[in-house]
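Observations on the model geometry
This is what each chain is made of:
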Amino acid sequence: MITLVSVLVASALVAGFVTLLRAGCSDAPYRVPVAVAPNLFSTMEDLARAWEAEEPEVDGNCVGVEVSDVAAVDAAQSLTGEWDTVSLGKRPIAWVPDSDVWPQWVTGTEVTADYFSSAPVVLGQSSTVLAVPEPVAEELGWIGGEPPSWSEVLEASEAGEVTIAAANPRTSTEGLQSMLNAVSDGAGGVDGEAMVRYSAALDAGRVGESAEALFAEYLAADDPAAFANVFTALDYQVEDFNADSGLDYQLVPITPSGAVLNAVYPYMVLDGAGWVSDSDARIAGMFGDYLQTGAAEEELADAGLAPASSEGASTEGVITGETVQDAVRQWQEMRRDLNLLIVVDRSGVGEEETVEYGGEQVSAAIAEIRLALALVDELGSTSRAGLWEFGVGAVDAQTHWRAVTESAELSSEQRQTLTDDLYALSEEGLYEGGSPLFDTVTAAYDYMGEHAVEGADNVVVVLTNDGTDSVSAPTIEETEQSLATVASGQAVPVSLYTVGFGSADADNLARLAEATQGAYIEAPASGGVLDQLRGGGEG
């Protein structure tokens, strides 16, 4: 009896301990981090909580997953480099990008080739489409019949029938997916000729960091029809735009014929990565099993994911990580980014002369600001840009130039900062006295030499209606010689372009620019000067 009682008591204690363990850990289970693409974040978070409600456990401990919102491009770049826990959260045990081309890209190196040992769980897909205003699509005959191939779309661009606004393949899934479809050779590789045509079409159109950013610019444009009429996008992005745009027409999603690479969403456990323990991988795998249940699949379908077709999945061999990296590299080589420093003359001479710009008669100082705004608007999101102003005593009696906006890549935030700073300059008074041009040009050119970006076109562009200088110590000859000397010794070339308004001294401005293999540009009556900066000026 004593033995029996002891056994029963011990059993009760064990049962009580397990009950307490479960009661305690169900409130705070051990969770492993999962990085999820933003458009699927809330759905995955709901699924994570639903799974935890079933009290999954490993070795008597309740477990779960902690979902974090991480853009696929940020995760891909960080998984092949340094993971920034401050901005991205904990380094993930599992990953849900919004396309499986990103894991293919990650595993394209020897170090990362084995990061994903287990087969992915395919959650669904979004279609890669071209978003076209319905009237344009009807005029082109792209509705109701066989959709155009990518080759035909590029042909329409070459003929001037369409203007393509493409998301950047370095910063967005829709951009990368569209480019890979456009340049595929049909055998998992890159068609070099198609890449040349695709890059040319984007040069003739626009490049933005995402479809959403391009859509926002489209809606804000004074003449949307002149902005673009074909956008690279994913199907859900077109649906979101149509729901909120307020336009009297819709964008029609068109899938080019032969474009089979859709955005397939995989759930992938990083069980081959060095920071992932066997137990953490096991927990992440259990959540992957849950994602294949009927309830989870129904939730994913409600989120807008369509069932993945095998021919549209890169995991089925349509494309490899090496191909993705090769395509991105080729695109970058054909589209040299600009590293630009805009230098605006804010000396008093700018308000002494009236010029025509944008159909209005305005002061030269205002025209310079407006051209700078147009230039910022024209620049692609992969370019870099900063802003200086100059005038007598901008900083002190010796320093007549001032950095207004630090140079940085043109994210939406940087573009907005530049725009706001230029508007702020237009509302401020001008500096009294002459134009300290020569000292400023020398300082700006030296600065860009120290901050030149290899592989980019590094450019200083000076906007002025002067061209003479009664303030600086050096003469035009001395400044010209100094610029030429610095230019000849640069490892990464920097070019100076001078833009003259009104009665600017074109001869002096040309001498300064040509000393650096740059060029003088006569200010246009409207718009910016991006084409001249890329093409060597107008002489």
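Let us look at the structure shown here. It should be emphasised that the depicted structure is a prediction, and the values quoted were computed from it without experimental measurement. (Residues numbered from 1 in each chain as written. Predicted model: local features only at pLDDT ≥ 70, side-chain atom pairs only at ≥ 80, totals over all residues. Heavy atoms only, no water.)

So, on to the nonpolar core. Counting residues in hydrophobic clusters, the biggest one holds 85 residues, and the most contacted among them are Met 44, Trp 95, Leu 123, Tyr 198, Tyr 267 and Phe 287. In this view, Tyr 198 contacts Trp 150, Leu 154, Ala 166, Gly 175, Ser 178, Met 179, Ala 182, Val 183, Thr 232 and Trp 331; residues no more than four positions away in its chain are not counted. Tyr 357, Ala 372, Leu 373 and Leu 422 belong to the second-largest nonpolar core, a separate cluster that totals 35 residues. (Core = buried A, V, L, I, M, F, W, Y, C linked by side-chain atoms within 4.5 Å. Buried < 20%, exposed > 50% of the residue type's maximum accessible area, 1.4 Å probe, protein only. Contact = heavy atoms within 4.5 Å.)

Of note, Glu 55 is a non-glycine position whose phi angle comes to about 50°, a positive value. Structurally, Glu 55 can be placed in the loop between helix H2 (41-53) and strand E2 (57-58). You can call Glu 55 partly exposed: its relative accessible area is 39%. (Helix = DSSP H or I, 4+ residues; strand = E, 2+ residues; numbered from the N terminus.)

The strand order across the open sheet built from six strands is E2-E3-E1-E4-E11-E5, with neighbouring strands paired in mixed fashion. Looking at strand neighbours, the two that pair on one side only are E2 and strand E5 (121-126), the edges of this open sheet. As paired elements, strand E4 (residues 94-96) and strand E11 (residues 263-269) share two bridges and run antiparallel to each other. Pairing of Trp 95 across the sheet is with Met 268, part of E11. The sheet strands contacting H2 are strand E1 (30-36), strand E3 (61-69), E4, E5 and E11, and the helix crosses E3 at an angle near 175°. (Pairing = 2+ DSSP bridges. Axes fitted to C-alpha atoms, helices over the stretch in contact; angles between N-to-C directions.)

Right, let's talk about the packing of helix H18 (residues 437-450) against helix H20 (residues 506-514) for a bit. Two numbers describe how H18 lies on H20: the axes approach to 12 Å, and their chain directions differ by 20°. In terms of orientation, H18 and H20 fall into the roughly parallel class. The chirality of how H18 crosses H20 is right-handed. On the side of H18, the interface is formed by Leu 437, Phe 438 and Val 441, while H20 contributes Asn 508, Leu 509 and Leu 512. (Parallel < 35°, antiparallel > 145°, perpendicular 65-115°, else oblique. Left-handed = near helix turned anticlockwise from the far one by under 90°.)

For the rest of this paragraph, the subject is the sheet that holds strand E17 (residues 457-464). Strand order in the open sheet formed by six strands is E16-E15-E12-E17-E18-E19, and the pairing between neighbours is mixed. On the outer flanks of this sheet lie strand E16 (401-409) and strand E19 (519-522), each paired with one strand and no other. Direction aside, the axes of adjacent strands within the sheet are offset by 15° on average. Across seven bridges, the pairing between strand E12 (residues 338-345) and strand E15 (residues 384-390) is parallel. The residue bridging Val 343 from the neighbouring strand is Trp 388, located in E15. Sheet strands in contact with helix H16 (residues 364-378) are E12, E17 and strand E18 (494-500), and its direction is about 170° off that of E12.

Tracing the backbone through its elements, the reader meets Thr 112 in the loop between helix H5 (101-106) and E5. For the pair Thr 112 and Pro 133, spaced 21 residues apart in sequence, the C-alpha to C-alpha distance is 42 Å. Once residues within four sequence positions are removed from consideration, Thr 112 is found in contact with Leu 79, Thr 80, Val 106 and Thr 107. Polar side-chain contacts of Thr 112 include one of 2.3 Å to the backbone oxygen of Val 106. (Polar contact = N/O pair within 3.5 Å; in protein donor to acceptor, adjacent residues only side chain to side chain.)

With that settled, the discussion passes to H2. The end-to-end C-alpha distance of H2, which contains 13 residues, comes to 19 Å, matching closely the 18 Å that a straight helix rising 1.5 Å per residue would cover. Remark: Glu 55 follows H2 within two positions and exhibits a positive phi of approximately 50°. (Expected span 1.5 Å × (residues − 1).)

To continue, consider the side chain of Arg 346. Positionally, Arg 346 belongs in the loop between E12 and strand E13 (354-357). Lacking a salt bridge, the buried Arg 346 has Glu 389 as its closest oppositely charged neighbour, with an N-O distance of 4.4 Å. Within the structure, the side chain of Arg 346 is placed 2.5 Å from the backbone oxygen of Leu 425, a separation counted as a polar contact. Here the side chain of Arg 346 touches Glu 428 through a polar contact of 3.2 Å, landing on its backbone oxygen. Not counting chain neighbours up to four residues away, the residues in contact with Arg 346 comprise Ala 365, Ile 369, Glu 389, Phe 390, Leu 425, Ser 426, Glu 428, Gly 429, Leu 430 and Tyr 431. (Lys, Arg positive; Asp, Glu negative; His and termini not counted. Salt bridge = Lys/Arg side-chain N within 4 Å of Asp/Glu carboxyl O.)

Let's shift gears to the pattern of salt bridges. Under the criterion given, the structure shown has 11 salt bridges. The salt bridge partner of Arg 49 is Glu 52, with a shortest N-O separation of 2.8 Å. In this pair, Arg 49 and Glu 52 both sit in helix H2, three residues apart, roughly one turn of the helix.

For the rest of this paragraph, the subject is the pairing of E1. Counting buried residues along E1, five of its seven residues qualify, which places the element largely inside the surrounding structure. Where E1 meets E3, seven bridges bridge the pair, whose relative direction is parallel. Looking at E3, one finds that Arg 31 is bridged to Gly 64.

So, about the pairing of E11. For E11, a buried count of seven out of seven residues is recorded, marking the element as mostly surrounded by other parts of the structure. Neither face of E11 is exposed, since Ala 263, Tyr 265, Tyr 267 and Val 269 on one face and Val 264, Pro 266 and Met 268 on the opposite face are all buried. The sheet contact formed by E5 and E11 spans five bridges and is antiparallel. Paired with Val 121 across the two strands is Tyr 267, which belongs to E11.

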